[in-house]
Amino acid sequence: MTRAAQWALVTGAPRRGGEAICKELHRRGLGVIVHHSRAGSAPDAARLVDLLNASRPGSALAWAADFTARELPALPALPQPDASISVLVCNASLYRPSDLHDHAVRDADLQVHLLSHATLIERLRGGLRALVGVTDIHVHVPHRGHLWYHVSKAALESLILTLSVELAPATRCNVVAPGALPWPADNHLEAERIREVQQTIPLGRTGSFEELGQVVTWLALDASYVNGSVVPLDGGRSRWMR
Ligand SMILES: NC(=O)c1ccc[n+]([C@@H]2O[C@H](COP(=O)([O-])OP(=O)(O)OC[C@H]3O[C@@H](n4cnc5c(N)ncnc54)[C@H](OP(=O)(O)O)[C@@H]3O)[C@@H](O)[C@H]2O)c1
């Protein structure tokens, strides 16, 4: 199959890390489905789709789906008759504080990080060549206060690593575990904590979304003998965490 007939579905894609992943996969010749969840993020998704289609007509589509819902809508039809989705990037994410008793956060985090992605994998498994999950280095060394985020991202990681055995050799399944990337504007981390984190990164800086896009794309398209791996994208922080 030509690259032009191959599509990637990137979840949580209208801006930030998801946008960078879409741009890099698209730059390498794939068509891209830009998933977004909220009506509020539709303009960002439409802007990205227009940008990608301007450089290669018929190469990008938007797909709206709130992953907290138990039923996911149908995926959009691809424009080329021979096209299929060969890459799935499980990037959609919720990052909210929680404790054991926060049942609403528990249910939403498990639904968004684990169950909706499992549903998508099930739908696409026949045609997938590469599956890439985006988790977090704190899946392995949790910090306090985000219990259900860590548990549900760990469950996504476990699903993808298990599938690296179940779906092989047709599909390579890998995980990128970022450390500190740019924080969201509404981030609840205190300035003091952000300074502390930055002082524990051997490379001396936070990562960029472009670097996330590069590593995801490398795993999806280039790393032909890498399967069942977790690649930390953290400037060495997980070797030096305090
Ligand atoms: N930023 C960091 O420092 C950092 C650190 C470690 C790991 N990571 C991981 O790296 C990836 C990229 O990070 P990021 O900062 O770009 O992520 P982000 O901005 O927190 O969120 C990614 C996307 O998740 C989607 N999402 C939220 N709620 C959803 C729902 N109910 N249903 C479906 N999608 C939903 C959002 O789409 P809408 O806008 O349409 O709602 C959003 O664009 C994420 O997987 C994140 O967990 C990031």
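Right, let's walk through the structure included here.

### Quick word on the side chain of His113
Phase 1: The residue His113 is located in helix H3 (residues 103-124) in this model.
Phase 2: Judged by relative accessible area, which is 0%, His113 ranks as buried.
Phase 3: One polar contact links His113 to Ser152, side chain to side chain, over a distance of 2.8 Å.
Phase 4: Sequence-distant contacts of His113, that is, excluding residues within four places in its chain, are made with Ala92, Ser93, Leu94, Tyr149, Ser152, Lys153 and Leu156.

### Points about the site of the ligand
Phase 1: Looking at the ligand, there are 29 residues lining it, with Arg15, Ser37, Ser41, Asn91 and Ser93 nearest.
Phase 2: At 2.5 Å from an oxygen atom of the ligand is found a side-chain nitrogen or oxygen belonging to Ser41.
Phase 3: Interatomic distance of 2.7 Å between a side-chain N/O atom of Ser93 and an oxygen atom of the ligand.
Phase 4: Taking 890 Å² as the accessible area of the ligand by itself, protein coverage stands at 89%.
Phase 5: Of all the elements in the fold, those that place two or more residues in the shell around the ligand are helix H1 (16-27), strand E2 (31-36) and helix H4 (147-166).

### Focus on the environment of Asn53
Phase 1: Mapped onto the elements of the fold, Asn53 is located in helix H2 (residues 42-55).
Phase 2: Between the C-alpha atoms of Asn53 and Pro43, which are 10 residues apart in sequence, the distance is 15 Å.
Phase 3: With sequence-adjacent residues up to four places away left out, Asn53 is seen in contact with Gly58, Ser59 and Ala60.

### Describing H2
Phase 1: Spanning 14 residues, H2 covers 20 Å between terminal C-alpha atoms, matching the ideal 20 Å at 1.5 Å per step.
Phase 2: In the core, the buried residues of H2 are packed alongside H1, E2 and strand E3 (60-64).

### Quick look at the state of the cysteines
Phase 1: Enumeration over the complete set of coordinates arrives at zero disulfides.
Phase 2: Left without a disulfide partner, Cys22 is nearest to the cysteine sulfur of Cys90, which lies 13 Å away.
Phase 3: Among the residues examined, Cys22 registers a relative accessible area of 0% and is labelled buried.
Phase 4: Lacking any disulfide linkage, Cys90 is separated from the closest cysteine sulfur, that of Cys173, by 9.4 Å.

### Structural notes on the packing of aromatic side chains
Phase 1: Considering all chains together, one arrives at two aromatic pairs under this definition.
Phase 2: Taken together, a centroid distance of 6.3 Å and an interplanar angle of 55 degrees make the contact between Trp63 and Phe67 tilted.
Phase 3: What makes Phe67 buried here is its relative accessible area of 2%.
Phase 4: Note on Tyr95 and Tyr149: the rings are 4.7 Å apart at their centroids and 80 degrees apart in plane angle, and the pair reads as edge-to-face. In this pair, Tyr95 sits in the loop between strand E4 (84-90) and H3 while Tyr149 sits in helix H4, placing the two residues 54 residues apart along the sequence.
Phase 5: Overall, Tyr95 belongs to the partly exposed group, its relative accessible area being 29%.

The rules behind the values
Residues numbered from 1 in each chain as written. Predicted model: local features only at pLDDT ≥ 70, side-chain atom pairs only at ≥ 80, totals over all residues. Heavy atoms only, no water. Helix = DSSP H or I, 4+ residues; strand = E, 2+ residues; numbered from the N terminus. Buried < 20%, exposed > 50% of the residue type's maximum accessible area, 1.4 Å probe, protein only. Polar contact = N/O pair within 3.5 Å; in protein donor to acceptor, adjacent residues only side chain to side chain. Contact = heavy atoms within 4.5 Å. Near = heavy atom within 4 Å. Areas by Shrake-Rupley, 256 points an atom, 1.4 Å probe, with all protein chains shown as cover. Expected span 1.5 Å × (residues − 1). Disulfide = S-S within 2.5 Å. Phe/Tyr/Trp six-rings, centres within 6.5 Å; stacked < 30°, edge-to-face > 60°.

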